[in-house]
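What the coordinates show
The residues making up each chain are set out below.
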Amino acid sequence: MSATSALAAQQQALLQALYLPRHADAIKIVATHVRPERAGGQNHLERGLQAYRSNGHALAQRVLSAAYPVLAQLMGEENLEGLSRHFWQRQPPTRGDMAQWGAGFPALLETLSELMQQEPYLADVARVEWALHAAATQADGQTDLPSFALLESRDPTGLALVLSPGAQCLPSVFPVVSIVRSHLAGEPTLEEAGARVRMQMAETALVWRQGLKPALRHAQAGEAVFIAALQENRSLADSLSATPELDFQQWLVPAVHTGLLLGARAL
């Protein structure tokens, strides 16, 4: 084996060792590629590997706490630490940018039956939080005010609308908007959000990038279907026909004012 191939094999073994659940297994896989020659080299190797693994677990918790701050409050840092380590081992990062790691965490929560029985809304809350996190890393969108003149000069069948980057609706059978906003903005209060959980109120979250920050509110009646249609590149006429319950005239001005709607374009 060439020196380059040997180095690549050692690097791959180290990556595998970082994500193994048991430290003893991590030592074994690294030992197959690294043979310390100096006295005490094995102890040095084990200490170094333990440091790498500990740093990886700490990084996993920091990254998930940043992406899921409400979840961290709901679960407690100690519980999140254990779950972040489990997620780190099951779905290790595949990109150099750690801000892109964590999208699969809501799906992992759904596999934890005991946790979901106690707090069944956690996975949906996590989905809303990831949508906010993803919106925060989207490219900036610029409002094109002159383009809105097309709404008066063009037939809706030949017109499309341009939404803010990261805009999406997330329906839930739980009051996810109330839960997230009560923890991040204090509105509604925690008591009010708790009451909505007990009443089993369903809420659909609308997430988008408002200027430089992610935004969250309740989706209006029919708004989720309307936004999905627009994102399928359907015309304004088709999008409106898909959701007759949406009052477009009342929706339009606030959508522009809050940065949800950035402009119009001819198809």
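Our structure is the block above this text.
Residues numbered from 1 in each chain as written. Predicted model: local features only at pLDDT ≥ 70, side-chain atom pairs only at ≥ 80, totals over all residues. Heavy atoms only, no water.

**Some thoughts on the sheet that holds strand β2 (residues 168–172)**
Note: strands within a sheet are paired through backbone hydrogen bonds, in either parallel or antiparallel orientation. Taken together, 3 strands build an open sheet; the order of strands is β2-β3-β4 and the sheet is antiparallel. Taken across any chain shown, the strands that pair with only one partner, and hence form the sheet edges, are β2 and β4 (213–218). Along the sheet, successive strands turn relative to each other by an average axial angle of 25 degrees, direction set aside. Judged from the 5 bridges that link them, β2 and strand β3 (residues 203–210) form a sheet pairing that is antiparallel. (Pairing = 2+ DSSP bridges. Helix = DSSP H or I, 4+ residues; strand = E, 2+ residues; numbered from the N terminus. Axes fitted to C-alpha atoms, helices over the stretch in contact; angles between N-to-C directions.)

**So, unusual backbone geometry**
Cis geometry is adopted by the peptide bond preceding Pro-188, which originates at Glu-187 and carries an omega value of 5 degrees. Along the chain, Pro-188 falls in the loop between α10 (176–184) and α11 (190–198). One non-glycine residue, Gln-200, adopts positive backbone phi at about 55 degrees. Relative to the elements of secondary structure, Gln-200 occurs in the loop between α11 and β3.

**So, the pattern of salt bridges**
In the structure shown here, the tally under the stated rule is 4 salt bridges. Arg-127 is paired through a salt bridge with Glu-110; the nearest N and O atoms lie 2.9 Å apart. With Arg-127 in helix α8 (residues 122–136) and Glu-110 in helix α6 (residues 105–110), this residue pair connects regions lying 17 residues apart in the sequence. The closest approach of N and O atoms between Arg-217 and Glu-223, which form a salt bridge, is 2.6 Å. In this structure Glu-223 comes out as buried when scored by relative accessible area, which is 0%. (Salt bridge = Lys/Arg side-chain N within 4 Å of Asp/Glu carboxyl O. Buried < 20%, exposed > 50% of the residue type's maximum accessible area, 1.4 Å probe, protein only.)

**Quick notes on the environment of Gln-231**
Looking at the secondary structure, you find Gln-231 in helix α12 (residues 223–231). What makes Gln-231 partly exposed here is its relative accessible area of 45%. Through-space distance from the C-alpha of Gln-231 to that of Val-162 is 8.5 Å; in sequence the pair is 69 residues apart. Polar side-chain contacts of Gln-231 include one of 2.6 Å to the backbone oxygen of Ala-167. (Polar contact = N/O pair within 3.5 Å; in protein donor to acceptor, adjacent residues only side chain to side chain.)

**What about the packing of aromatic side chains?**
With the rule as written, the count across this model stands at 8 aromatic pairs. An aromatic cluster is defined as three or more aromatic residues linked by ring pairs; in this entry it consists of Tyr-68, Phe-87, Trp-101, Phe-105 and Trp-130. (Phe/Tyr/Trp six-rings, centres within 6.5 Å; stacked < 30°, edge-to-face > 60°.)

**A closer look at the pairing of β3**
Successive side chains on a regular strand alternate, one facing one side of the sheet and the next facing the other. Among the 8 residues in β3, 6 count as buried, and that is most of the element. As defined by bridge partners, β3 adjoins β4 across 6 bridges and the pair is classed as antiparallel. Paired with Ala-205 across the strands is His-218, a residue of β4. Counting the residues between successive antiparallel strands, the hairpin from β3 to β4 contains 2 residues, one of them, Gly-211, with a positive phi of roughly 70 degrees.

**Things to note about α8**
End to end, α8 covers 21 Å across 15 residues, agreeing with the expected 21 Å (1.5 Å per residue, within 8%). Most of α8 is tucked away: 12 of the 15 residues are buried. Those residues of α8 that fall on the buried side of the exposure criterion are Leu-122, Ala-123, Asp-124, Val-125, Ala-126, Val-128, Glu-129, Trp-130, Ala-131, Leu-132, His-133 and Ala-135. (Expected span 1.5 Å × (residues − 1).)

**A word on the side chain of Ser-147**
For Ser-147, the position within the fold is in the loop between α8 and α9 (150–153). Note on Ser-147: relative accessible area 7%, which makes it buried. A polar contact of 3.0 Å, which involves the side chain of Ser-147, links it to the backbone nitrogen of Ala-264. In this view, Ser-147 contacts Gly-263 and Ala-264; residues no more than four positions away in its chain are not counted. (Contact = heavy atoms within 4.5 Å.)

Just geometry here; none of it tells us what the structure is for.
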